[in-house]
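What follows is each chain in one-letter form.
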Amino acid sequence: MTTDQAALTNGDLARIFHEIGDMLELQGELGFKVIAYHRAADAIGRSPVDLVSAYRSGDPPRIAGVGKAISDKLAELATTGRLAFHERLRVEVPPRLVELLQIPGLGPKSVRQLHQDLGIESLDDLRAAAEAGRLRTVRGMSARTEVLVLEGLARLADRPPVRMRLDRAEDLVTAVMAALAQVPGVRSLEPAGSFRRRRETIGDLDLLAETNDPAALMAAFTSLPMAETVIGKGLAKSAIRLVRGPQVDLMAMSLAAACTYRIHFTGSKEHNVRLRAMARDRGWSLSEKGFLRIGEDGEPLTGDAAELRTFATEAEAYAFLGLPFIEPELRENQGEIEAALAGTLPRLVSLPDLRGDLHSHSDWSDGRQPIEVMIAAARARGHAYQVLTDHSQSLGIARGLSPERVARQAEVIAALNARFAEEEAAGTAPAATPPEGFRLLHGCELEIRADGKLDFEDELLARFDVVVASVHVGRRQSRGDLTRRTLNGIRSPHVDVIAHPSGRKIDERPDLDLDWDLVYGEAARTGTALEMNG
Ligand code: DGT
Ligand code: CA
Ligand code: CA
């Protein structure tokens with residue numbers, strides 16, 4: 001039996017499913033299953049609907065990543081307040097034990113053994129046992145294990161703070177803003193900080209609010225179900241930490257000074273330092289509250305003498321400093337102030353600039369969708385072209401295309417283009433079709449093989465509309481070899497684009513170590529485009 005007082009919040013549910021993910025990992029469960037639990041937990045934590053009430057009323061919402069198995073568990077939790085599966089797991093593995101897996105060399109099996117034999121439940125327990133020389137009493141472990149464990153613990157402590165990728169930040173920002181939008185008095189909510197600057201990774205989240213009732217907003221914010229802990233609570237600023245997530249700072253803006261709040265909390269810190277110096281040179285002190293006159297001692301004046309200046313828009317505040325508006329994406333003090341003063345700020349690329357996609361995979365190789373489905377989506381978006389670049393033959397794991405399959409694909413593409421031309425002539429093409437029409441271009445993603453050779457003969461390459469070449473295999477080769485392979489691609493007269501030249505995956509895989517000056521120089525000389533993953 002449960003009472004409403006004891007009802008689990010979405011945050012509690014998220015914690016339970018994260019814990020299940022951890023405990024299954026310790027039991028040696030397959031990676032995808034573990035990830036599925038953590039994904040579902042994230043989605044549950046972010047859900048705008050109170051899930052316990054929804055399950056009790058028999059009308060639960062559909063949540064991305066929550067399938068039948070997890071939905072059944074949610075139903076059990078909603079109706080009984082408990083989950084037998086979870087309780088069984090808890091008997092077998094303490095949830096904090098999972099932290100031990102971060103130590104290189106400790107897999108689920110050794111961690112379970114450490115728990116069984118020595119009663120270790122946390123990283124602190126592990127350190128104590130290693131320091132006391134007790135790990136060597138466990139079967140398969142030795143004094144050497146103790147040294148490695150202590151080294152691993154030390155490295156864990158010096159690790160740079162974890163940052164999250166922009167896409168995850170986007171989900172979290174959206175969820176927090178949705179949860180606060182209906183709070184009485186709230187007029188607007190907007191993201192600031194590195195998220196607004198669209199950095200590829202984000203440390204913590206910063207939100208700005210316009211509200212007539214800061215007390216109500218801060219109370220709602222600090223009691224969000226998805227909050228794990230409240231770090232600080234005040235009328236002007238509060239901070240929470242999300243369940244298995246980042247810190248979120250929320251600032252209530254002074255309404256008259258909203259634009260300087262935006263500038264201040266968007267940052268970057270280094271950009272703001274430059275702006276404050278420029279203000280100072282003009283006899284003003286700049287803070288989130290606005291511009292204040294400074295006295296001879298360099299300190300802001302008070303009272304009427306301060307001549308507080310606030311502006312309605314960021315552009316006016318920049319203009320006050322003699323600058324054009326600087327887009328948030330550029331505010332890193334990486335030359336944007338100089339460019340703004342010289343009138344050479346770049347125009348940022350935006351979605352309407354996108355006329356087509358130069359790199360795409362269908363289910364002919366490792367893409368998920370048939371060509372027709374992809375093309376329908378591209379046409380509906382008003383694109384003028386799409387280049388199909390299924391993998392070339394040697395990339396076996398991606399079902400790379402043999403020359404015979406390339407020839408068959410060419411026929412399919414020709415037939416599709418003939419149909420598009422007919423539809424355009426008859427006026428039955430999708431409404432979004434641009435005046436020049438839509439064409440599917442035939443390309444390939446050409447392997448630059450480990451020995452540096454290109455994966456198709458020149459004669460075949462000459463038949464493609466666009467050739468995108470890339471390095472996938474042999475990433476551990478020397479800088480010289482990797483550079484030579486990339487240059488082989490660039491120098492081929494048939495190669496138009498080098499795909500993902502650095503091979504980086506944000507936070508997962510570092511840049512290839514290439515001689516970048518040489519690569520950029522040859523790409524410029526030969527007119528070969530370099531792809532940027534976006
Ligand atoms: P992050 O969170 O590491 O991805 O990077 P940011 O740029 O979002 O940094 P964050 O969250 O520390 O601060 C956002 C902006 O807010 C920062 O560029 C300047 C401003 N700010 C935040 N806290 C303070 C503060 O205590 N003093 C000053 N002067 N500015 C601050
Ligand atoms: Ca931040
Ligand atoms: Ca912050």
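No experiment lies behind these values; they were computed from the predicted model shown. (Residues numbered from 1 in each chain as written. Chains lettered and ligands numbered in written order. Predicted model: local features only at pLDDT ≥ 70, side-chain atom pairs only at ≥ 80, totals over all residues. Heavy atoms only, no water.)

Our next topic: the site of ligand 1. Ligand 1 sits among 13 residues. The nearest are R163, S194, R197, G203 and D204. Take R197: an N or O atom from its side chain is 2.9 Å from an oxygen atom of ligand 1. Relative to its unbound accessible area of 610 Å², ligand 1 is 63% covered by the protein chains. Residue assignment for the shell around ligand 1 shows that the elements contributing at least two residues are α10 (193–196) and α12 (258–266). A breakdown of the residues in the shell around ligand 1 according to their chemical character gives two nonpolar, six polar and five charged. (Near = heavy atom within 4 Å. Polar contact = N/O pair within 3.5 Å; in protein donor to acceptor, adjacent residues only side chain to side chain. Areas by Shrake-Rupley, 256 points an atom, 1.4 Å probe, with all protein chains shown as cover. Helix = DSSP H or I, 4+ residues; strand = E, 2+ residues; numbered from the N terminus. Nonpolar A, V, L, I, M, F, W, Y, C, P; charged D, E, K, R; others polar.)

Next up on the list: the packing of helix α16 (residues 371–380) against helix α17 (residues 403–426). At a minimum axis distance of 12 Å, the contact between α16 and α17 shows a crossing angle of 35°. As α16 runs across α17, the sense of the crossing is right-handed. Residue-level contacts link I371, E372, I375 and R379 of α16 to Q409, V412, L416, R419, F420 and E423 of α17. Among the residues making up the contact of α16 with α17, the classes are represented as five nonpolar, one polar and four charged. (Axes fitted to C-alpha atoms, helices over the stretch in contact; angles between N-to-C directions. Left-handed = near helix turned anticlockwise from the far one by under 90°. Contact = heavy atoms within 4.5 Å.)

Here the calcium ion (ligand 2) is held by the protein donor atoms D204 (O), D204 (OD) and D206 (OD), which lie 2.2 to 2.6 Å from it. In this model, the calcium ion (ligand 2) sits 3.7 Å from the calcium ion (ligand 3), the two metals being bridged by D204. (Donors = N, O, S within 2.8 Å, 3.2 Å for Na, K, Ca; no water.)

Only D204 (OD), D204 (OD), D206 (OD) and D249 (OD) from the protein coordinate the calcium ion (ligand 3), and they sit 2.3 to 2.7 Å from it. Along the chain, the residues that donate to the calcium ion (ligand 3) are spaced as D-x1-D-x42-D. Overall, D206 belongs to the buried group, its relative accessible area being 13%. (Buried < 20%, exposed > 50% of the residue type's maximum accessible area, 1.4 Å probe, protein only.)

A separate point is the sheet that holds strand β15 (residues 529–530). Each strand in a sheet pairs with its neighbour through backbone hydrogen bonds, running either in the same direction (parallel) or in the opposite one (antiparallel). The strand order β10-β11-β12-β13-β14-β15 describes an open sheet built from six strands, whose pairing is parallel. Two strands in the sheet have a free side with no partner beyond their single neighbour: β10 (356–357) and β15. As defined by bridge partners, strand β11 (residues 385–388) adjoins strand β12 (residues 439–447) across four bridges and the pair is classed as parallel. Among the inter-strand pairings, L388 is bridged to a residue of β12, identified as H442. Together, β11 and β12 form the strand contacts of α16, whose direction differs from that of β11 by roughly 155°. (Pairing = 2+ DSSP bridges.)

What follows is about helix α11 (residues 214–222). The set of residues buried in α11 consists of L217, M218, F221 and T222. The arc enclosing the buried residues of α11, seen along the axis, measures out at 120°, which places them on a common side. For α11, the secondary structure elements touched by its buried residues are α9 (166–180), β2 (186–191), β4 (205–211), β5 (227–232), β6 (237–242) and β7 (247–252). (Arc of directions from axis to C-beta.)

A separate point is the pattern of salt bridges. Counted by the stated rule, this structure contains 32 salt bridges. The residue R165 makes a salt bridge to D167 at a minimum N-O spacing of 2.7 Å. Look at R165 and you get partly exposed, because its relative accessible area is 35%. E314 is paired through a salt bridge with R331; the nearest N and O atoms lie 3.2 Å apart. In this pair, E314 sits in helix α14 (residues 314–320) while R331 sits in the loop between α14 and α15 (336–342), placing the two residues 17 residues apart along the sequence. Here E314 matches R331 in class, with each residue buried. Three or more residues are tied together by salt bridges with common partners; here these are D12, R15 and E228. (Salt bridge = Lys/Arg side-chain N within 4 Å of Asp/Glu carboxyl O.)

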